[in-house]
Amino acid sequence: MISLTENIELMSREDARYANQVVLKKIIIETATPRLPMPLLTASGALENAFLVLVTLESECGLVGHSYLFSPNQSLLPSLVHAANAAFKEVEGHFCVPEQLTDHLLAKFRLFGGTGILTMAVASIDMAAWDMLGLAVGKPLYQILGGATQHIHCYESSGLGIGSEASVIGQAEHFVNLGNSRMKVRLGYETVNEEVHLITTLQGTLGNQVELMVDYNQGLSVEQAFARCQVLDDHGLIWIEEPISAELLESASKLTALTKTPIQLGENLWSLTEVQRSLDLNASNYLMPDVAKIGGATQWLRSAKLAAKAGVRVSSHLYPEISMHLLASIDNAHYLEYADWTKLQFSGHQAPSYNKVALGDASGVGLYG
Ligand SMILES: [Mg+2]
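What you see is a predicted model, and the numbers here were worked out from it, not measured in a lab.

What counts, and where the lines are drawn
- Residues numbered from 1 in each chain as written.
- Predicted model: local features only at pLDDT ≥ 70, side-chain atom pairs only at ≥ 80, totals over all residues.
- Helix = DSSP H or I, 4+ residues; strand = E, 2+ residues; numbered from the N terminus.
- Rg over C-alpha atoms; globule rule 2.2 N^0.38 Å.
- Buried ≥ 20, exposed ≤ 12 C-beta atoms within 10 Å, placed from the backbone.
- Contact = placed C-beta atoms within 7 Å.
- Pairing = 2+ DSSP bridges.
- Axes fitted to C-alpha atoms, helices over the stretch in contact; angles between N-to-C directions.
- Domains from an automatic or database assignment.
- Nonpolar A, V, L, I, M, F, W, Y, C, P; charged D, E, K, R; others polar.
- Core = buried A, V, L, I, M, F, W, Y, C linked by C-beta atoms within 7 Å.
- Expected span 1.5 Å × (residues − 1).

### So, the overall build of the protein
Here is step 1: Along the backbone of the protein there are twelve helices and 13 strands.
Here is step 2: Here the protein has a C-alpha radius of gyration of 20 Å; the compact-globule value for 369 residues is 21 Å, and the two agree.
Here is step 3: Each principal axis of the C-alpha distribution contributes one length, and for the protein these read about 60 × 40 × 40 Å.
Here is step 4: In the protein, which comprises 369 residues, the proportion classed as buried is 51%.
Here is step 5: Partitioning the contacts of the protein with sequence separation of at least 6, the portion at a separation of at least 24 is 70%.

### Side note on the sheet that holds strand E1 (residues 24–32)
Here is step 1: Reading across from one edge, E1-E4-E5 is the order of the three strands in this open sheet, with antiparallel pairing throughout. Of all strands in the sheet, those bounded by a partner on one side alone are E1 and strand E5 (64–71). Mean inter-strand twist for the sheet, computed between neighbouring axes without regard to direction, equals 20°.
Here is step 2: Of the pairings in the sheet, the one linking E1 to strand E4 (residues 51–59) comprises eight bridges and is antiparallel in character. Across the sheet, the residue bridging to Ile 28 is Thr 56, located in E4.
Here is step 3: Across the face of the sheet, helix H2 (residues 77–91) comes into contact with E1, E4 and E5 while running at roughly 175° to E1.

### Here we look at the domain arrangement of the protein
Here is step 1: Domain annotation for the protein reports domain 1 (13–139) and domain 2 (142–358).
Here is step 2: The C-alpha centroid of domain 2 is placed 24 Å from the C-alpha centroid of domain 1.
Here is step 3: Taken together, the contact pairs 31 residues of domain 1 with 32 residues of domain 2.
Here is step 4: At ten residues, helix H4 (residues 117–137) tops the list of elements feeding residues into the side of domain 1 that touches domain 2.
Here is step 5: Broken down by class, the residue content of the side of domain 1 that touches domain 2 amounts to 21 nonpolar, six polar and four charged.

### A closer look at unusual backbone geometry
Here is step 1: Not every positive phi belongs to a glycine, and Tyr 319 is a case in point at roughly 40°.
Here is step 2: Note that Tyr 319 resides in the loop between helix H11 (297–309) and helix H12 (320–328).
Here is step 3: The class of Tyr 319 is buried, set by 27 C-beta atoms lying within 10 Å.
Here is step 4: The phi torsion at Asn 355 lies on the positive side, around 65°, for a residue other than glycine.

### Details of the nonpolar core
Here is step 1: Ranked by internal contacts, the top residues of the largest apolar core, which has 113 residues, are Ala 84, Cys 96, Met 132 and Val 291.
Here is step 2: Broken down by element, the residue count for this core peaks at 14 residues, all from H4.
Here is step 3: Viewed by domain, this core spans two of them, domain 1 (13–139) and domain 2 (142–358), each represented by three or more residues.

### Topic: H2
Here is step 1: With 15 residues, H2 extends 22 Å between its outermost C-alpha atoms, agreeing within 8% with the 21 Å of an ideal straight helix rising 1.5 Å per residue.
Here is step 2: Contact partners of the buried residues in H2: E1, E4, E5, helix H3 (98–108) and H4.
Here is step 3: A positive phi of about 85° marks Gly 93, the residue just after H2.

### Focus on the pairing of strand E6 (residues 151–156)
Here is step 1: The sheet contact formed by E6 and strand E13 (residues 356–358) spans three bridges and is antiparallel. Following the sheet pairing, Ile 152 is matched in E13 by Val 357.
Here is step 2: Bridge count for E6 against strand E12 (residues 336–338) is three bridges, and the pairing is parallel. For Tyr 155, the partnering residue across the bridge sits in E12 and is Glu 337.

### Considering the pairing of E4
Here is step 1: When E4 meets E5, the two strands line up antiparallel, connected through eight bridges. Across the sheet, the residue bridging to Glu 58 is Val 64, located in E5.
Here is step 2: Linking E4 back to E5 in an antiparallel pair, the connection comprises four residues, with Gly 62 at a positive phi of about 95°.

### Comments concerning the environment of Tyr 155
Here is step 1: Relative to the assigned elements, Tyr 155 resides in strand E6.
Here is step 2: Using a count of 22 C-beta atoms within 10 Å as the deciding quantity, one classes Tyr 155 as buried.
Here is step 3: On a C-alpha basis, the gap between Tyr 155 and Leu 336 in space is 6.5 Å, while along the polypeptide they are 181 residues apart.
Here is step 4: Once residues within four sequence positions are removed from consideration, Tyr 155 is found in contact with Arg 182, Met 183, Lys 184, Met 213, Tyr 335, Glu 337 and Tyr 338.

Structure (C-alpha coordinates):
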(Lines give C-alpha, C1' and ligand atoms only; values in the text may rest on other atoms or scores of the structure.)
Protein backbone atom coordinates (compact mmCIF):
# COMPACT_ATOMS: atom_id res chain seq x y z
CA MET A 1 0.00 0.00 0.00
CA ILE A 2 1.35 3.41 -0.95
CA SER A 3 1.39 5.96 1.85
CA LEU A 4 -1.42 8.51 1.71
CA THR A 5 0.95 11.43 1.94
CA GLU A 6 3.71 10.28 -0.40
CA ASN A 7 3.98 12.58 -3.44
CA ILE A 8 0.55 14.10 -2.94
CA GLU A 9 0.70 17.85 -3.30
CA LEU A 10 -2.14 18.71 -5.63
CA MET A 11 -5.17 17.51 -3.66
CA SER A 12 -6.42 17.57 -0.07
CA ARG A 13 -5.78 14.73 2.38
CA GLU A 14 -9.52 14.10 2.47
CA ASP A 15 -9.76 13.65 -1.32
CA ALA A 16 -6.62 11.51 -1.24
CA ARG A 17 -8.43 9.19 1.17
CA TYR A 18 -11.18 8.71 -1.42
CA ALA A 19 -8.57 8.14 -4.11
CA ASN A 20 -6.99 5.44 -2.03
CA GLN A 21 -10.20 3.44 -2.11
CA VAL A 22 -10.65 3.42 -5.90
CA VAL A 23 -8.78 0.64 -7.69
CA LEU A 24 -8.10 0.78 -11.43
CA LYS A 25 -9.47 -2.27 -13.19
CA LYS A 26 -9.73 -1.78 -16.93
CA ILE A 27 -9.00 0.51 -19.87
CA ILE A 28 -11.16 0.88 -22.96
CA ILE A 29 -9.67 2.74 -25.91
CA GLU A 30 -11.42 3.89 -29.07
CA THR A 31 -10.55 6.32 -31.81
CA ALA A 32 -12.61 9.05 -33.49
CA THR A 33 -11.89 11.50 -36.29
CA PRO A 34 -14.36 14.38 -36.09
CA ARG A 35 -13.99 16.91 -38.89
CA LEU A 36 -12.74 20.34 -37.85
CA PRO A 37 -15.51 22.90 -38.23
CA MET A 38 -12.87 25.08 -39.95
CA PRO A 39 -9.90 23.35 -41.65
CA LEU A 40 -6.65 24.92 -40.50
CA LEU A 41 -3.50 25.69 -42.44
CA THR A 42 -0.44 26.47 -40.29
CA ALA A 43 3.18 27.23 -41.16
CA SER A 44 3.95 23.59 -40.35
CA GLY A 45 1.12 21.69 -42.00
CA ALA A 46 -2.63 21.52 -42.59
CA LEU A 47 -5.34 20.04 -40.35
CA GLU A 48 -8.78 18.95 -41.55
CA ASN A 49 -9.74 16.40 -38.93
CA ALA A 50 -9.13 16.03 -35.23
CA PHE A 51 -7.69 12.52 -34.87
CA LEU A 52 -8.60 11.48 -31.35
CA VAL A 53 -7.81 8.59 -29.03
CA LEU A 54 -10.68 8.22 -26.54
CA VAL A 55 -9.68 6.65 -23.23
CA THR A 56 -12.05 5.27 -20.59
CA LEU A 57 -10.74 3.92 -17.30
CA GLU A 58 -12.92 1.71 -15.15
CA SER A 59 -12.49 1.05 -11.45
CA GLU A 60 -13.32 -2.09 -9.51
CA CYS A 61 -16.25 -0.27 -7.88
CA GLY A 62 -17.69 0.75 -11.27
CA LEU A 63 -16.49 4.35 -11.54
CA VAL A 64 -15.28 5.56 -14.93
CA GLY A 65 -12.86 8.29 -15.96
CA HIS A 66 -12.49 9.75 -19.44
CA SER A 67 -9.70 11.45 -21.32
CA TYR A 68 -8.57 11.91 -24.89
CA LEU A 69 -5.44 12.48 -26.90
CA PHE A 70 -5.24 14.58 -30.05
CA SER A 71 -2.95 13.55 -32.90
CA PRO A 72 -2.25 15.77 -35.91
CA ASN A 73 -1.43 12.54 -37.81
CA GLN A 74 -4.03 9.81 -38.35
CA SER A 75 -1.36 7.21 -39.10
CA LEU A 76 -0.03 7.45 -35.54
CA LEU A 77 -3.38 6.71 -33.83
CA PRO A 78 -2.67 2.92 -33.57
CA SER A 79 0.70 3.65 -31.92
CA LEU A 80 -0.97 5.93 -29.36
CA VAL A 81 -3.61 3.27 -28.66
CA HIS A 82 -0.93 0.62 -28.19
CA ALA A 83 1.13 2.85 -25.89
CA ALA A 84 -1.91 3.75 -23.74
CA ASN A 85 -2.74 0.05 -23.36
CA ALA A 86 0.88 -0.70 -22.40
CA ALA A 87 0.93 2.16 -19.88
CA PHE A 88 -2.30 0.98 -18.29
CA LYS A 89 -0.89 -2.54 -17.79
CA GLU A 90 1.68 -0.96 -15.46
CA VAL A 91 -0.95 0.61 -13.19
CA GLU A 92 -3.75 -1.96 -13.37
CA GLY A 93 -4.80 -2.73 -9.77
CA HIS A 94 -3.29 0.54 -8.46
CA PHE A 95 -5.23 3.14 -6.51
CA CYS A 96 -6.59 6.08 -8.48
CA VAL A 97 -4.08 8.61 -7.13
CA PRO A 98 -3.04 10.49 -10.27
CA GLU A 99 0.19 11.97 -8.93
CA GLN A 100 1.41 8.56 -7.80
CA LEU A 101 0.24 6.82 -11.00
CA THR A 102 2.13 9.31 -13.13
CA ASP A 103 5.31 9.11 -11.07
CA HIS A 104 5.10 5.31 -11.20
CA LEU A 105 4.66 5.28 -14.98
CA LEU A 106 7.46 7.77 -15.64
CA ALA A 107 9.79 5.67 -13.46
CA LYS A 108 8.63 2.41 -15.03
CA PHE A 109 9.49 3.58 -18.54
CA ARG A 110 12.73 5.34 -17.61
CA LEU A 111 14.86 2.78 -19.43
CA PHE A 112 12.82 3.25 -22.59
CA GLY A 113 13.35 6.95 -22.12
CA GLY A 114 11.10 9.54 -22.80
CA THR A 115 9.14 11.84 -24.81
CA GLY A 116 6.61 11.54 -27.57
CA ILE A 117 3.90 8.92 -27.85
CA LEU A 118 4.82 7.28 -24.55
CA THR A 119 4.51 10.57 -22.64
CA MET A 120 1.12 11.17 -24.23
CA ALA A 121 0.05 7.64 -23.23
CA VAL A 122 1.02 8.40 -19.62
CA ALA A 123 -0.95 11.65 -19.92
CA SER A 124 -4.07 9.80 -21.08
CA ILE A 125 -4.00 7.64 -17.93
CA ASP A 126 -3.27 10.64 -15.69
CA MET A 127 -6.09 12.77 -17.12
CA ALA A 128 -8.65 9.93 -16.97
CA ALA A 129 -7.58 9.19 -13.37
CA TRP A 130 -8.19 12.83 -12.36
CA ASP A 131 -11.61 12.61 -14.02
CA MET A 132 -12.41 9.38 -12.18
CA LEU A 133 -11.30 10.93 -8.90
CA GLY A 134 -13.74 13.78 -9.53
CA LEU A 135 -16.54 11.26 -9.82
CA ALA A 136 -15.36 9.48 -6.69
CA VAL A 137 -15.50 12.62 -4.56
CA GLY A 138 -18.38 14.27 -6.44
CA LYS A 139 -16.57 17.49 -7.31
CA PRO A 140 -15.46 19.23 -10.52
CA LEU A 141 -11.73 18.78 -11.07
CA TYR A 142 -10.87 22.43 -10.43
CA GLN A 143 -12.37 22.18 -6.94
CA ILE A 144 -10.30 19.10 -6.15
CA LEU A 145 -7.27 21.14 -7.20
CA GLY A 146 -8.24 23.98 -4.87
CA GLY A 147 -9.54 26.33 -7.57
CA ALA A 148 -12.36 28.76 -6.98
CA THR A 149 -12.49 30.75 -10.22
CA GLN A 150 -15.42 29.78 -12.40
CA HIS A 151 -14.75 31.93 -15.46
CA ILE A 152 -11.50 31.57 -17.35
CA HIS A 153 -10.16 34.19 -19.73
CA CYS A 154 -9.69 32.67 -23.16
CA TYR A 155 -8.98 33.44 -26.78
CA GLU A 156 -10.40 32.02 -29.97
CA SER A 157 -8.07 29.65 -31.76
CA SER A 158 -10.62 27.63 -33.72
CA GLY A 159 -9.67 28.97 -37.13
CA LEU A 160 -7.66 31.87 -38.49
CA GLY A 161 -5.27 29.55 -40.29
CA ILE A 162 -3.07 30.74 -43.13
CA GLY A 163 -5.35 31.67 -45.99
CA SER A 164 -6.75 34.46 -48.09
CA GLU A 165 -7.20 37.78 -46.33
CA ALA A 166 -10.94 37.62 -46.99
CA SER A 167 -11.27 34.22 -45.33
CA VAL A 168 -9.22 35.21 -42.27
CA ILE A 169 -11.18 38.43 -41.84
CA GLY A 170 -14.47 36.58 -42.33
CA GLN A 171 -13.59 34.13 -39.56
CA ALA A 172 -12.42 36.92 -37.27
CA GLU A 173 -15.66 38.84 -37.83
CA HIS A 174 -17.61 35.70 -37.00
CA PHE A 175 -15.80 35.44 -33.64
CA VAL A 176 -16.34 39.13 -32.87
CA ASN A 177 -20.04 38.85 -33.73
CA LEU A 178 -20.28 36.11 -31.11
CA GLY A 179 -18.66 38.44 -28.58
CA ASN A 180 -15.18 36.93 -28.68
CA SER A 181 -12.70 39.62 -29.63
CA ARG A 182 -9.46 37.99 -28.45
CA MET A 183 -8.03 35.59 -31.04
CA LYS A 184 -4.92 33.96 -32.47
CA VAL A 185 -3.86 34.35 -36.08
CA ARG A 186 -1.52 31.84 -37.74
CA LEU A 187 1.37 33.42 -39.58
CA GLY A 188 3.99 32.05 -41.95
CA TYR A 189 3.11 33.92 -45.13
CA GLU A 190 5.62 34.43 -47.90
CA THR A 191 6.66 37.88 -46.66
CA VAL A 192 6.42 39.79 -43.41
CA ASN A 193 4.77 42.64 -45.33
CA GLU A 194 1.81 40.37 -46.05
CA GLU A 195 1.65 39.53 -42.36
CA VAL A 196 1.73 43.17 -41.28
CA HIS A 197 -0.94 43.97 -43.85
CA LEU A 198 -3.15 41.17 -42.49
CA ILE A 199 -2.73 42.30 -38.88
CA THR A 200 -3.38 45.97 -39.58
CA THR A 201 -6.38 45.09 -41.77
CA LEU A 202 -7.80 42.91 -38.99
CA GLN A 203 -7.26 45.67 -36.43
CA GLY A 204 -8.76 48.26 -38.78
CA THR A 205 -11.78 46.14 -39.70
CA LEU A 206 -12.58 44.78 -36.26
CA GLY A 207 -11.94 47.94 -34.29
CA ASN A 208 -10.21 48.79 -31.08
CA GLN A 209 -11.66 46.00 -29.00
CA VAL A 210 -9.88 43.26 -30.94
CA GLU A 211 -6.86 41.66 -29.24
CA LEU A 212 -4.55 39.56 -31.36
CA MET A 213 -1.76 37.08 -30.76
CA VAL A 214 0.09 35.35 -33.61
CA ASP A 215 1.54 31.86 -34.04
CA TYR A 216 4.29 30.83 -36.45
CA ASN A 217 4.07 27.15 -35.45
CA GLN A 218 7.89 26.91 -35.48
CA GLY A 219 7.90 27.92 -39.14
CA LEU A 220 10.72 30.49 -39.27
CA SER A 221 14.48 30.09 -39.41
CA VAL A 222 16.32 31.91 -36.62
CA GLU A 223 17.40 34.65 -39.04
CA GLN A 224 13.86 35.10 -40.36
CA ALA A 225 12.52 35.24 -36.81
CA PHE A 226 14.86 38.03 -35.73
CA ALA A 227 13.89 40.04 -38.80
CA ARG A 228 10.14 39.40 -38.67
CA CYS A 229 9.68 39.85 -34.91
CA GLN A 230 11.30 43.26 -35.16
CA VAL A 231 8.83 44.28 -37.87
CA LEU A 232 5.85 42.93 -35.88
CA ASP A 233 7.00 44.56 -32.67
CA ASP A 234 4.96 47.75 -32.87
CA HIS A 235 1.59 46.26 -33.71
CA GLY A 236 0.21 45.73 -30.23
CA LEU A 237 0.20 41.92 -30.31
CA ILE A 238 -0.44 40.01 -27.08
CA TRP A 239 2.31 37.58 -28.01
CA ILE A 240 4.30 36.02 -30.83
CA GLU A 241 4.14 32.22 -30.50
CA GLU A 242 6.76 29.64 -31.50
CA PRO A 243 8.54 31.69 -34.15
CA ILE A 244 11.33 29.08 -34.42
CA SER A 245 11.84 25.35 -33.88
CA ALA A 246 10.82 24.51 -30.32
CA GLU A 247 14.17 22.82 -29.65
CA LEU A 248 16.16 26.02 -30.17
CA LEU A 249 15.68 27.40 -26.66
CA GLU A 250 18.99 29.31 -26.63
CA SER A 251 18.00 31.15 -29.81
CA ALA A 252 14.53 31.72 -28.41
CA SER A 253 16.14 33.30 -25.37
CA LYS A 254 18.06 35.80 -27.54
CA LEU A 255 14.92 36.53 -29.53
CA THR A 256 12.93 37.11 -26.33
CA ALA A 257 15.55 39.54 -25.05
CA LEU A 258 15.48 41.55 -28.29
CA THR A 259 11.73 41.59 -28.90
CA LYS A 260 9.41 43.99 -27.07
CA THR A 261 6.32 41.89 -27.84
CA PRO A 262 6.17 38.92 -25.45
CA ILE A 263 7.33 35.60 -26.91
CA GLN A 264 5.19 32.55 -26.16
CA LEU A 265 6.18 28.87 -26.27
CA GLY A 266 5.68 25.61 -24.38
CA GLU A 267 3.38 23.35 -26.39
CA ASN A 268 6.41 21.34 -27.49
CA LEU A 269 8.08 20.94 -24.10
CA TRP A 270 7.84 17.29 -23.08
CA SER A 271 9.07 17.12 -19.48
CA LEU A 272 9.55 19.17 -16.33
CA THR A 273 13.26 19.20 -17.10
CA GLU A 274 12.58 20.86 -20.44
CA VAL A 275 10.21 23.33 -18.80
CA GLN A 276 12.81 24.25 -16.18
CA ARG A 277 15.49 24.59 -18.86
CA SER A 278 13.25 26.90 -20.86
CA LEU A 279 12.53 29.00 -17.76
CA ASP A 280 16.20 29.12 -16.74
CA LEU A 281 17.14 30.34 -20.22
CA ASN A 282 14.33 32.94 -20.27
CA ALA A 283 13.43 31.37 -23.60
CA SER A 284 10.04 33.09 -23.56
CA ASN A 285 8.03 35.65 -21.61
CA TYR A 286 5.05 33.30 -21.24
CA LEU A 287 4.60 29.53 -21.08
CA MET A 288 1.85 27.34 -22.58
CA PRO A 289 2.42 23.64 -21.86
CA ASP A 290 0.24 21.10 -23.66
CA VAL A 291 -1.47 18.86 -21.11
CA ALA A 292 -0.86 15.72 -23.21
CA LYS A 293 2.68 16.39 -24.39
CA ILE A 294 3.87 17.37 -20.92
CA GLY A 295 2.58 14.06 -19.51
CA GLY A 296 -0.87 14.85 -18.11
CA ALA A 297 -2.65 17.19 -15.71
CA THR A 298 -0.21 16.35 -12.91
CA GLN A 299 2.83 17.35 -14.95
CA TRP A 300 1.03 20.41 -16.34
CA LEU A 301 0.29 21.64 -12.82
CA ARG A 302 3.87 20.96 -11.74
CA SER A 303 5.05 22.95 -14.79
CA ALA A 304 2.77 25.81 -13.78
CA LYS A 305 4.36 25.81 -10.32
CA LEU A 306 7.84 25.99 -11.86
CA ALA A 307 6.65 28.90 -13.99
CA ALA A 308 5.14 30.63 -10.95
CA LYS A 309 8.50 30.47 -9.18
CA ALA A 310 10.04 32.17 -12.22
CA GLY A 311 7.27 34.80 -12.31
CA VAL A 312 5.93 33.51 -15.64
CA ARG A 313 2.24 33.42 -16.57
CA VAL A 314 0.84 30.18 -17.97
CA SER A 315 -1.65 29.51 -20.75
CA SER A 316 -2.92 26.20 -22.06
CA HIS A 317 -2.53 24.52 -25.44
CA LEU A 318 -5.62 22.82 -26.96
CA TYR A 319 -7.56 20.36 -24.72
CA PRO A 320 -9.85 23.17 -23.53
CA GLU A 321 -12.11 20.83 -21.53
CA ILE A 322 -9.49 19.79 -18.97
CA SER A 323 -7.24 22.84 -19.37
CA MET A 324 -9.92 25.19 -18.03
CA HIS A 325 -9.90 23.25 -14.76
CA LEU A 326 -6.12 23.47 -14.55
CA LEU A 327 -6.06 27.21 -15.24
CA ALA A 328 -8.82 27.74 -12.66
CA SER A 329 -6.60 26.21 -10.00
CA ILE A 330 -3.37 28.21 -10.44
CA ASP A 331 -2.52 31.78 -9.45
CA ASN A 332 -0.37 32.51 -12.52
CA ALA A 333 -3.09 31.66 -15.09
CA HIS A 334 -3.05 33.66 -18.30
CA TYR A 335 -5.31 32.46 -21.15
CA LEU A 336 -7.13 29.31 -22.16
CA GLU A 337 -6.59 28.46 -25.83
CA TYR A 338 -10.08 27.71 -27.07
CA ALA A 339 -10.44 25.56 -30.19
CA ASP A 340 -13.79 24.13 -31.21
CA TRP A 341 -12.28 20.95 -32.72
CA THR A 342 -13.86 18.64 -30.14
CA LYS A 343 -17.19 20.39 -29.64
CA LEU A 344 -19.09 17.77 -31.63
CA GLN A 345 -17.33 14.91 -29.83
CA PHE A 346 -17.96 15.82 -26.19
CA SER A 347 -21.36 16.90 -24.92
CA GLY A 348 -19.73 18.69 -21.96
CA HIS A 349 -17.57 20.91 -24.21
CA GLN A 350 -17.95 24.59 -23.22
CA ALA A 351 -17.76 27.29 -25.89
CA PRO A 352 -16.55 30.79 -24.96
CA SER A 353 -18.72 33.80 -24.42
CA TYR A 354 -17.26 37.32 -24.28
CA ASN A 355 -13.70 36.02 -24.11
CA LYS A 356 -14.40 33.70 -21.19
CA VAL A 357 -15.41 30.09 -20.67
CA ALA A 358 -17.49 28.98 -17.73
CA LEU A 359 -16.70 25.92 -15.67
CA GLY A 360 -19.71 23.70 -15.09
CA ASP A 361 -20.83 21.75 -12.04
CA ALA A 362 -20.21 18.27 -13.49
CA SER A 363 -17.94 16.05 -11.44
CA GLY A 364 -14.42 15.47 -12.74
CA VAL A 365 -13.50 17.01 -16.10
CA GLY A 366 -17.04 16.80 -17.44
CA LEU A 367 -16.19 15.74 -20.99
CA TYR A 368 -19.66 14.27 -21.31
CA GLY A 369 -21.41 16.93 -19.22
MG1 LIG B 1 0.88 27.09 -31.17
